[in-house]
Amino acid sequence: RDPVNRPDLLPQGEVTTVIDATGMLSQSQEKRVKAYIKELEASTGFKLRVLCQTYPDTPGLAIKDYWNVDQDTVVLVADPELTGNLLNFNVGENIDFKVPRNYWGRVSGKFGAKSYWQKEGADEAVINAVAAIDTCVRTSEMGVKGACQPGSIKAEDKATIFG
């Protein structure tokens, strides 16, 4: 598919860490994910950005400048039409040093699989992927081996994270 570069589809005003061009997340879910991302970035320096889109109705390449995507940034793209898998990742080079490269494919394979998000909902797939990434990054920084397994998030952990 041809790349899209539509800065006119970017949110106006203050820069946001979550762009939901599809209404995939409820307002309360989006607010909680933004707060969660802010806390993750403050404590680890790791920049996670979430773009929910339906190709070709997306800002596309315009997010790079909008979010100042750099070597410490991971962009999670949730798009049910793009590849058949809901979740795709653009991973900054410095993140590759901290998180095993195959991790992103495992998260995408678990939470982005059509069978998963059609049963659980695309919103739950995004939320569970964000929670799994947070667990992986925080525990990797502490040197915990085996932390980057994108398993199911326990209900009590999810309640703590997302209220």
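Residues numbered from 1 in each chain as written. Predicted model: local features only at pLDDT ≥ 70, side-chain atom pairs only at ≥ 80, totals over all residues. Heavy atoms only, no water.

Colleague: Sorry, what's going on with the environment of I37 here?
Modeller: Tracing the chain through its elements places I37 in helix α1 (residues 27-44). The spatial distance from the C-alpha of I37 to the C-alpha of V50 is 9.3 Å, given a sequence separation of 13 residues. Each residue touching I37, except ones within four places of it in the same chain, is listed here: T17, V18, L48, R49 and V50. (Helix = DSSP H or I, 4+ residues; strand = E, 2+ residues; numbered from the N terminus. Contact = heavy atoms within 4.5 Å.)

Colleague: Explain the pattern of salt bridges here, please?
Modeller: Side-chain pairing between opposite charges can occur once the charged atoms of the two side chains come close. Within the structure shown, the criterion is met by four salt bridges. For K47, the salt bridge is made with D70, and the minimal N-O distance between the two is 3.2 Å. Highlighted residues: K47 in strand β2 (residues 47-52) and D70 in the loop between α2 (62-66) and β3 (73-78), separated in sequence by 23 residues. On the basis of relative accessible area, D70 is assigned to the partly exposed category, the value being 33%. (Salt bridge = Lys/Arg side-chain N within 4 Å of Asp/Glu carboxyl O. Buried < 20%, exposed > 50% of the residue type's maximum accessible area, 1.4 Å probe, protein only.)

Colleague: Is there a simple way to think about the nonpolar core in this case?
Modeller: Generally speaking, nonpolar side chains in soluble globular proteins are found buried as a group. Counting residues in each nonpolar core, the largest one holds 38 residues, and the members touching the most others are F46, L48, L76, L87, Y103, W104 and I133. At the level of secondary structure, the elements contributing two or more residues to this core comprise α1, β2, β3, β4 (87-91), α4 (102-111), α5 (114-120) and α6 (122-141). With eleven residues, α6 is the single largest residue contributor to this core. Setting aside anything within four residues of it in sequence, one finds F46 in contact with L40, E41, D72, V74, I95, W104, I133 and V137. Judged by nonpolar contacts, the second largest core, of ten residues, contains L10, I19, I63 and V77. (Core = buried A, V, L, I, M, F, W, Y, C linked by side-chain atoms within 4.5 Å.)

Colleague: I would appreciate a short explanation of the sheet that holds β3 in the present structure.
Modeller: Pairing between sheet strands relies on hydrogen bonds along the backbone, with the strands arranged either parallel or antiparallel. Read across the open sheet, the four strands follow the order β1-β2-β3-β4; overall the sheet is mixed. The outermost strands of the open sheet, each flanked by one partner alone, are β1 (18-20) and β4. With strand direction ignored, the average angle separating the axes of adjacent strands in the sheet is 15°. Bridging between β2 and β3 involves six bridges; their strand directions are parallel. Bridge pairing in β3 links K47 to T73. Strands in contact with α1 are β1 and β2; relative to β2, the strand with the most contacts, it is inclined by about 160°. On the sheet, α4 packs against β3 and β4 and is oriented at approximately 165° with respect to β4. (Pairing = 2+ DSSP bridges. Axes fitted to C-alpha atoms, helices over the stretch in contact; angles between N-to-C directions.)

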